[in-house]
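Now for the letters of each chain:
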Amino acid sequence: MVYEKRYENGLRLVVKQIPGLMSVTMGILVGTGASAETDEEDGISHFIEHMQFKGTKTRNAFEISDAFDRLGAQVNAFTGKDLTCYYSKCTTDHTSDCFALLADLFLNSTFPEEEMEREKGVVCEEISMNEDTPEDLCLDLLSRAFYGKENYGRNILGTTENVKSFSLSDILRYKKARYCPENIVISFAGGVDPTTAQALVETWFSALEKGEYEERKPKILTCHQTLVKRKPIEQMHLAIAYPSFPRGDEREDVVSAINAILGGSMSARLFQEVREKRGLAYSVYSYLSPFPEIATQNIYAGVNPSKLEEAYEAIGEVIKDLKENGITNDEFMRSREQMKAGMFFSNESSNSQMLLYGKYMLYFNKIFDFEDKLARINAMTYDRAKEVLAQMFDEDKKAIALVGNTDKPLCF
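For clarity, every value in this text was computed on a predicted model and none was experimentally measured. (Residues numbered from 1 in each chain as written. Predicted model: local features only at pLDDT ≥ 70, side-chain atom pairs only at ≥ 80, totals over all residues. Heavy atoms only, no water.)

**Here we look at the overall build of the protein chain**
How we decide: In this description a helix means any DSSP run of H or I spanning at least four residues, a strand means any run of E spanning at least two, and both kinds are numbered starting from the N terminus. For this measure, only C-alpha atoms enter the radius of gyration; the expected value for a globule follows 2.2 Å times N^0.38, where N is the number of residues. For every residue, the accessible area (1.4 Å probe, protein chains only) is compared with the maximum for its type, and the residue is labelled buried under 20%, exposed over 50%, or partly exposed between those bounds. Only heavy atoms matter for contacts: two residues are in contact if any of them lie within 4.5 Å across the pair. In this tally Asp and Glu are treated as negative and Lys and Arg as positive; neither His nor the chain ends contributes. Taken as the charge centre is NZ of Lys, CZ of Arg, CG of Asp or CD of Glu, depending on the residue.
A count of helices and strands for the protein chain gives 15 helices and 11 strands. Compactness check: the protein chain gives a C-alpha radius of gyration of 22 Å against a globular reference of 22 Å for 412 residues, within 12% of the reference. Its C-alpha atoms put the protein chain at 60 × 50 × 35 Å along the principal axes. In the protein chain, which comprises 412 residues, the proportion classed as buried is 51%. Sequence-distant contacts in the protein chain: of pairs separated by 6 or more residues, those separated by 24 or more amount to 83%. Across the protein chain, 48 positive and 64 negative side-chain charges occur, with their mean positions spaced 3 Å apart.

Here you go:
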């Protein structure tokens, strides 16, 4: 059962009731992230996400954490390029108390000055940790190589200089522009009935007034660069991005099937060719990164420096073979079954369902239709997959990122 409620101030509620579950996951999703930031705000979406946990009008930072722990509940948050999400999971008997805590930290944060200065140090350490995680660093660099320094090319964490400079007025100004009810979806999934969820939302969010919402649509300027970052590490980290089709495009299911064939599993072509047959990488995979205006088809591999060129050529050969010789019907059918199984598996997880229904409402302003999605996957044909494949992997528009002990790019 799926229920939705729309409020006059623009706030939206979606509830996916899953009978038999003894837990419920609740999330507050805000349609903002790194892509909505200016240069001066770079990193502020993520910093605000941290600060929301650092004290409200009635609880300090420890009391917030302690209150969730006393319920046996999990609580966390994350920031993306176009989404910030605060969520908690609890047993069904603690639904009301848990949502009250989540609403309190979301609505009533006071951003104490001493906590802000302390958290700046924490986030700067997170930036340093990211610098010491070359795979993440490489994929961040890939976004910049494809999109440039703005919009979807921004690093979610921002820079240490920006983080250290953020003030209370900066936070309040950004929240006023972006944390507005028309830009917020509240999502419940699991053992919760819609009546309870609606009552909780109306208890805590009825007084939320419309702000001065700024839509801030990102200006997309693709770059197709090759960027290199020198790090004194043992491996070379290579990533490649090709343009793909935007979120909600009618080809997105077929593209997902092709991605699975390319590098989405252990039987995928990249894994088999680059790792199993040639032994060039331990980790090699592909994934899609979709946004409303555009998407990228990404490939990553971590390789020995002496094998970098060979690995790059091997990846290129896989792509070339895919383009010239297509996929087999057997591969297509296998991929389609993987997609269907993934849907059914996620249907049994309240965490996955909270995010699925919440994000779909936020992005498309309607309820996700499980049966329709399943029907569309079943309706995909081998011939259609071949047609879409012919439109993918434009070599003239790809971007490349390289992180490792080198300061010059290959002749890519």
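Right, picking up where we left off after that structure.
**Side note on the pairing of strand β8 (residues 236-244)**
Convention followed: Paired strands, in this sense, are two strands between which DSSP finds at least two bridges.
Of all nine residues making up β8, eight are buried, and the element is well covered by its neighbours. Across nine bridges, the pairing between β8 and strand β10 (residues 295-303) is antiparallel. The residue bridging A239 from the neighbouring strand is Y300, located in β10. As defined by bridge partners, β8 adjoins strand β11 (residues 399-404) across five bridges and the pair is classed as antiparallel. Bridging from a neighbouring strand, I240 pairs with I400 of β11.

**Considerations on the pattern of salt bridges**
Selection criterion: Think of a salt bridge as a Lys or Arg side-chain nitrogen and an Asp or Glu carboxyl oxygen that are within 4 Å of each other.
By the definition in use, this model includes 32 salt bridges. One salt bridge in this structure joins R6 and E4, with 3.0 Å as the shortest N-O distance. On the basis of relative accessible area, R6 is assigned to the partly exposed category, the value being 39%. Measuring nitrogen to oxygen at the nearest pair gives 3.3 Å for the salt bridge that ties E276 to R275. Residues joined in a network through salt bridges with shared partners are D253, D372, K373 and R376.

**Concerning the packing of helix α3 (residues 95-107) against helix α8 (residues 194-205)**
The condition that has to hold: Only the stretch in contact is used when fitting a helix axis, every axis being a line fitted to C-alpha atoms; angles between N-to-C directions are given from 0 to 180 degrees. We call a crossing left-handed when the near helix sits turned anticlockwise from the far one by less than a right angle, and right-handed when that turn is clockwise. Under the convention adopted here, Pro, Cys and the residues Ala, Val, Leu, Ile, Met, Phe, Trp and Tyr are nonpolar, Asp, Glu, Lys and Arg are charged, and Gly plus all remaining residues are polar.
Where α3 meets α8, the closest approach of the two axes is 10 Å, and the angle between their N-to-C directions is 30°. Relative to α8, the crossing made by α3 is right-handed. Where α3 approaches α8, its residues T95, S96, F99, A100, A103, F106 and L107 are matched on the opposing element by L200, V201, W204 and F205. Classifying every residue of the contact of α3 with α8 gives nine nonpolar, two polar and no charged.

**So, the environment of G279**
Relative to the helices and strands, G279 resides in the loop between α10 (269-277) and β9 (281-290). Sequence separation of G279 and V303 is 24 residues, and the distance between their C-alpha atoms is 9.5 Å.

**Describing the sheet that holds β8**
If you walk across this open sheet you meet the five strands as β7-β11-β8-β10-β9, and the pairing is mixed. Strands at the two margins of the open sheet, each flanked by one partner only, are β7 (226-230) and β9. Across the sheet, the mean angle from the axis of one strand to that of its neighbour is 15°, orientation sign disregarded. Across the sheet, helix α5 (residues 134-147) lies against β7, β8, β9, β10 and β11, angled at about 150° from β11, the strand it touches most.

**What to know about the side chain of T56**
Heads up, the condition is: N or O atoms within 3.5 Å of each other form a polar contact, as long as, within protein, one can give a hydrogen and the other can take it, and as long as residues adjacent in sequence are counted only when both atoms are side-chain atoms.
Along the chain, the position of T56 falls in the loop between α1 (44-51) and α2 (61-70). Under the relative-accessibility criterion, T56 is labelled buried at 9%. There is a polar contact of 3.0 Å between the side chain of T56 and the side chain of D104. Setting aside its immediate chain neighbours within four residues, T56 contacts I64, D104, L105, N108, S109 and T110.

**Details of the sheet that holds strand β6 (residues 184-190)**
If you trace the six strands from one edge of the open sheet to the other, you get β1-β2-β6-β3-β5-β4, paired in mixed fashion. Since the sheet does not close on itself, it has two edges, and those belong to β1 (2-6) and β4 (74-79), each with one partner. When strand polarity is set aside, the average angle formed by the axes of neighbouring strands in this sheet is 15°. The sheet contact formed by β1 and strand β2 (residues 12-17) spans five bridges and is antiparallel. Residue pairing in the sheet places V2 in a bridge with K16 of β2. Contacts between α8 and the sheet are confined to β1, β2, β3 (23-30) and β6, with β2 contributing the most and set at about 150° to the helix.

Worth remembering: the numbers are spatial, not functional.
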